[in-house]
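Here's the letter readout for the chains.
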Amino acid sequence: MSFTLRSVKVAPNSASLEEARTRVFDFFRSACRSIPTVIDIYNLDDVVSPSQLRSSIAAQIRKNSHITNPKVPPPLFTCIYVSGRLLDSEL
């Protein structure tokens, strides 16, 4: 299997709280649309259901809902837990 390394451009910080909120919703929407592909690529059919992944992503977003400064940088890495288990440790 061959993989191509692509450079990813990081968008600048949001100018306002409303712009940050819109970007979070856009991220959530695109993440939810890519869940079936991620499950297929990593053979996660027996490990997790799409609804569990959706709930886990939503929980991570809700965990940061208290942040009111749009300039706060995101954490370097966020682990996704599903049913009390670390998802990427199963990969």
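Right, let's walk through the structure included here. Everything numeric in this text was worked out from a predicted model, so none of it was measured.

1. What to know about the pattern of salt bridges
Part 1 of the argument: According to the stated counting rule, one finds one salt bridge in the structure shown.
Part 2 of the argument: Note that R29 and D26 form a salt bridge whose closest N and O atoms lie 3.0 Å from each other. Of the two residues, R29 and D26 are both situated in helix α1 (residues 17-41); the distance of three residues between them amounts to about one turn of the helix.
Part 3 of the argument: Residue classification places R29 among the partly exposed residues on the basis of a relative accessible area of 41%.
Part 4 of the argument: When its relative accessible area of 40% is taken as the criterion, D26 is described as partly exposed.

2. Quick look at α1
Part 1 of the argument: The end-to-end C-alpha distance of α1, which contains 25 residues, comes to 35 Å, matching closely the 36 Å that a straight helix rising 1.5 Å per residue would cover.
Part 2 of the argument: At I35, α1 shows its maximal kink, close to 40 degrees; a proline, P36, follows between one and four residues later.
Part 3 of the argument: Among the residues making up α1, those that are buried are A20, A31, C32, I35 and I39.
Part 4 of the argument: Contacts made by the buried residues of α1 are with α2 (50-63).
Part 5 of the argument: Positioned one or two residues after α1, N43 has a phi angle of 50 degrees, which is positive.

Calculation criteria
Residues numbered from 1 in each chain as written. Predicted model: local features only at pLDDT ≥ 70, side-chain atom pairs only at ≥ 80, totals over all residues. Heavy atoms only, no water. Salt bridge = Lys/Arg side-chain N within 4 Å of Asp/Glu carboxyl O. Helix = DSSP H or I, 4+ residues; strand = E, 2+ residues; numbered from the N terminus. Buried < 20%, exposed > 50% of the residue type's maximum accessible area, 1.4 Å probe, protein only. Expected span 1.5 Å × (residues − 1). Bend = angle between axes of the 7 residues up to and from the residue. Contact = heavy atoms within 4.5 Å.

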